[in-house]
Amino acid sequence: MSFVLLFATGAVQAADTYKMDIKGTHAFIQFKIKHLGFSWLLGRFNKFDGTFTLDEKNIENSKVNVAIDVASLDSNHAERDKHLRGKDFFNVSKFPNASFKSTKVEKTGDKTAKITGDFTLKGVTKPVTLDTTYIGGGDDPWGGHRQGFEATTRIKLKDFGIDYNLGPAAEYAEIYISIEGVRQ
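J.: Is there a simple way to think about the side chain of Lys-122 in this case?
T.: Counting through the fold element by element, Lys-122 comes out in the loop between strand S8 (112-121) and strand S9 (124-139). For the buried residue Lys-122, which engages in no salt bridge, the nearest side chain bearing the opposite charge is Asp-163, 5.9 Å off. For Lys-122, the side chain forms a polar contact with the main-chain oxygen of Phe-89, separated by 2.9 Å. Once you skip the residues sitting within four places of it in the chain, Lys-122 turns out to touch Lys-87, Phe-89, Phe-90, Asn-91, Phe-95, Phe-160, Gly-161 and Ile-162.

J.: Explanation requested: the packing of aromatic side chains in the structure shown.
T.: How two aromatic rings sit relative to each other is set out by the distance from centre to centre and by the angle between their planes. Scanning the model with the defined rule gives 7 aromatic pairs in all. On the basis of an interplanar angle of 5° and a centroid distance of 5.1 Å, the ring pair of Tyr-18 and Phe-52 is categorised as stacked. Pair noted here: Tyr-18 is in strand S1 (residues 16-20) and Phe-52 is in strand S4 (residues 48-54), with a separation of 34 residues, a long-range link. You'll find Tyr-18 and Phe-52 in the same group, each marked buried. For the pair Phe-52 and Phe-149, a centre-to-centre distance of 5.7 Å together with 85° between the ring planes defines the contact as edge-to-face. Of this pair, Phe-52 sits in strand S4 while Phe-149 sits in strand S10 (residues 145-156), and the two are 97 residues apart along the sequence.

J.: Looking at this structure, I do not really get the environment of Lys-158. What am I missing?
T.: Residue placement: Lys-158 occurs in the loop between S10 and strand S11 (172-183). Look at Lys-158 and you get exposed, because its relative accessible area is 55%. Residues Lys-158 and Gly-137 lie 21 residues apart in sequence; the distance between their C-alpha atoms is 37 Å.

J.: Teacher, can you tell me more about the pairing of strand S5 (residues 63-69) here?
T.: Here is the key point about a regular strand: its side chains alternate between the two faces of the sheet. Every second residue of S5 is oriented toward a common face, the buried set being Val-64, Val-66 and Ile-68 and the non-buried set Lys-63, Asn-65, Ala-67 and Asp-69. Pairing of S4 with S5, which is carried by 6 bridges, proceeds in the antiparallel orientation. In the sheet register, Thr-51 faces S5, and the bridge partner there is Asn-65. Note that S5 and strand S7 (residues 97-107) share 5 bridges and pair antiparallel. If you follow Val-66 over to S7, its bridge partner there is Phe-100.

Cut-off values and rules
- Residues numbered from 1 in each chain as written.
- Predicted model: local features only at pLDDT ≥ 70, side-chain atom pairs only at ≥ 80, totals over all residues.
- Heavy atoms only, no water.
- Helix = DSSP H or I, 4+ residues; strand = E, 2+ residues; numbered from the N terminus.
- Buried < 20%, exposed > 50% of the residue type's maximum accessible area, 1.4 Å probe, protein only.
- Lys, Arg positive; Asp, Glu negative; His and termini not counted.
- Salt bridge = Lys/Arg side-chain N within 4 Å of Asp/Glu carboxyl O.
- Polar contact = N/O pair within 3.5 Å; in protein donor to acceptor, adjacent residues only side chain to side chain.
- Contact = heavy atoms within 4.5 Å.
- Phe/Tyr/Trp six-rings, centres within 6.5 Å; stacked < 30°, edge-to-face > 60°.
- Pairing = 2+ DSSP bridges.

Structure (C-alpha cells):
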C-alpha cells in the first residue's frame, strides 16, 4: 500500500486540514535525555497546539505546524522542572515558545516519511527532520475523521543554545511525538 493511499484512508480529500487532538489528549510531545550517562530523564510538554494538512494527490505538499508552550515542561519533579525552565536550560521567561514548521515531506516507505522543517527553540531556528510513521485513520464514533502518526528525532542541545554540562552522554535529546488529528 502506498503512502499516498495511507493518507487517503477513509476518503480523505486532497489538502484536508487536521487539528491536533490536544483537548482529548490524543497528542503527545515527549523527550528523553541521558542523565550523566547513568539513566534516562524523561519529560513532556503539556501544552502545545498544531495542525497538519494532508494532500492525498501529492504527499510532498503536506504540511505540519506546531506551537509549544515551553513553560509547560513536565519531568515529574517540580524542582528539576523549575531548573529546566530557568536560564541554565530553556530560559522560558525570555523564550516561552518553541515551534516546528515543515518545509519538506518525503515519502520513504509504505507507512513512513521524513518531514523536515524549521524547529525554533530558545530563539534559535535550525532544520530538523522527523522520522514519521503512519499509525492509522478513519471515521470516529462522534462523526469526525481522524489520522494518526508518530515521529522521532534527535537534536543536539548546543545547537539550540543549551550548553549546561550534564556530561558527554547528555549532549543530545531524543524527541518522541504521537499525534492524532481531527479533520476540520
